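The lines below spell out each chain.
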Amino acid sequence: MLKRCGRRLLLALAGALLACLLVLTADPPPPPVPAERGRRALRSLAGPSGAATAPGLEAAAAVAPGAPVREVHSLSEYFSLLTRSRRDAGPSPGGASRPADGRPRPPAEPLAPSDVFIAVKTTKKFHRARLDLLLETWISRHEEMTFIFTDGEDEALARRTGHVVNTNCSAAHSRQALSCKMAVEYDRFIESGRKWFCHVDDDNYVNVRALLRLLGSYPHTQDVYLGKPSLDRPIQATERVSENTVRPVHFWFATGGAGFCISRGLALKMSPWASGGHFMSTAERIRLPDDCTIGYIVEALLGVPLVRCGLFHSHLENLQQVPASELHEQVTLSYGMFENKRNAVHIKGPFSVEADPSRFRSVHCHLYPDTPWCPRTAIF
Ligand code: UDP
Ligand code: MN
């Protein structure tokens, strides 16, 4: 472990050096992503940090602030720009231009499960299709930490867990509806008085032991924003500063599809832009989805840098590349589609891919072999 960390440190230093060189020679940054395209479009632009690299070793092409913004007219043009500059610049091997990679560090403070508030975002149509799987697996072990944010009444769900919040937000997958849910998540977290806020989607598996280890290595009173970007450079957006003035702004954000966490110290500072109805109006200011709005508040408005962490995983990366031997260390997993193929972590048994396509049941039995429904004879 120590040897590996040493190697990582060396690689990170080499990468940082290379990243500095790249900043000096880099292409101009891409233009703002058209605001109305939403997170799905942003995700389709996922760079090498989205396409799996070894955990904690994502590449980041830094963009020089103030560099000229080139005009592009379509998303495909934007995409080719991104890919081209990625090819030109190349990933900085093992390097991140950011200071830390978010791997667990020495413990800073012991954390109890009740110190953490995990918000799971869902929608009524996914209660059976997605949420039940989470309730059977990771949530069943961590009910006191987990709060489900949805948009429709469901008696069956209310019977299973007490922590269901009906946000009364629209059930649409629109930017406004998703920001509405994030706003309620934030307010509920603040009310809870807990030390850490984590947000996940309903296609995420949370490995709570690994999460507690990670969060326990940071003081919750300081400014900490932990997660994984889905782009390989800061997003360029247009910030509305007054009725008829806009200005360019760029910042990193952690993709909501991999989950992210925020310390209480930082969450309190976010309050002027995130509490009450403010989150919605802040989201309107940049007209980007909820996870981008979080990055905007934290990085652009408060000047707190995202700590990128390779232990968070969305289905935008090739999940087959998460080493089975390191599943214990991963903080979140996901499943879904990647480059038009089914995407899930690779783990042998105890359930077949047909019986357990997300692999979440198999992962759960791997992490909690004493679970009553896990086959006792399973050898991993
Ligand atoms: N979602 C939602 N309302 C919708 C559709 C999706 O709140 O109408 C939630 C969904 O439950 C999930 C998140 O938004 O937590 C992301 O949805 P999905 O995984 O379908 O899309 P992705 O953006 O990952 O492709
Ligand atoms: Mn998803």
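Residues numbered from 1 in each chain as written. Chains lettered and ligands numbered in written order. Predicted model: local features only at pLDDT ≥ 70, side-chain atom pairs only at ≥ 80, totals over all residues. Heavy atoms only, no water.

### Regarding the confidence of the model for the protein chain
Alright, step 1. Per-residue confidence for the protein chain gives a mean pLDDT of 79; residues scoring 70 or more make up 72%.
Alright, step 2. Note on residues 1–6: pLDDT is under 50 here. Beyond four places in sequence and across chains, it has 3 contacts.
Alright, step 3. Counting contacts from residues 9–99, a segment whose pLDDT is below 50, to residues more than four positions away or on other chains yields 165 contacts. (pLDDT = per-residue confidence, 0-100. Contact = heavy atoms within 4.5 Å.)

### Examining the coordination of the manganese ion (ligand 2)
Reference values for angles at a metal are 109.5 degrees in the four-donor tetrahedral case and 90 or 180 degrees in the six-donor octahedral case.
Alright, step 1. The coordination sphere of the manganese ion (ligand 2), as far as protein atoms go, consists of Asp-203 (OD) and His-315 (NE2), spread over 2.1 to 2.3 Å. Of the two residues, Asp-203 is situated in the loop between β4 (196–201) and β5 (204–206) and His-315 in the loop between β10 (307–308) and β11 (332–334); the sequence distance between them amounts to 112 residues.
Alright, step 2. Taking the relative accessible area as the measure of exposure, Asp-203 reaches 6% and is therefore buried. (Donors = N, O, S within 2.8 Å, 3.2 Å for Na, K, Ca; no water. Helix = DSSP H or I, 4+ residues; strand = E, 2+ residues; numbered from the N terminus. Buried < 20%, exposed > 50% of the residue type's maximum accessible area, 1.4 Å probe, protein only.)

### Describing the state of the cysteines
Alright, step 1. Scanning the model with the defined rule gives 3 disulfides in all.
Alright, step 2. What pairs with Cys-365 in a disulfide is Cys-374, and their sulfur atoms sit 2.0 Å apart. Measuring handedness by torsion sign, the sulfur bridge of Cys-365 and Cys-374 sits at about -85 degrees and is left-handed. Neither Cys-365 nor Cys-374 differs from the other in exposure class; each is buried.
Alright, step 3. Across the protein chain, the way the bonded cysteines pair up, counted in sequence order, is 1-2, 3-4, 5-6.
Alright, step 4. Just so you know, Cys-309 is unpaired, no disulfide at all, and the nearest cysteine sulfur is the one on Cys-261, 8.9 Å from it.
Alright, step 5. When its relative accessible area of 0% is taken as the criterion, Cys-309 is described as buried. (Disulfide = S-S within 2.5 Å.)

### Focus: unusual backbone geometry
Peptide bonds are trans in most cases, and residues, glycine excluded, mostly fall at negative phi.
Alright, step 1. Phi at Asn-168 takes a positive value of approximately 60 degrees, unusual for a residue other than glycine.
Alright, step 2. On the secondary structure map, Asn-168 appears in the loop between β3 (164–166) and α7 (175–192).
Alright, step 3. Given a relative accessible area of 67%, Asn-168 falls into the exposed group.
Alright, step 4. One non-glycine residue, Asn-340, adopts positive backbone phi at about 65 degrees.
Alright, step 5. Tracing the chain through its elements places Asn-340 in the loop between β12 (336–338) and β13 (341–343).

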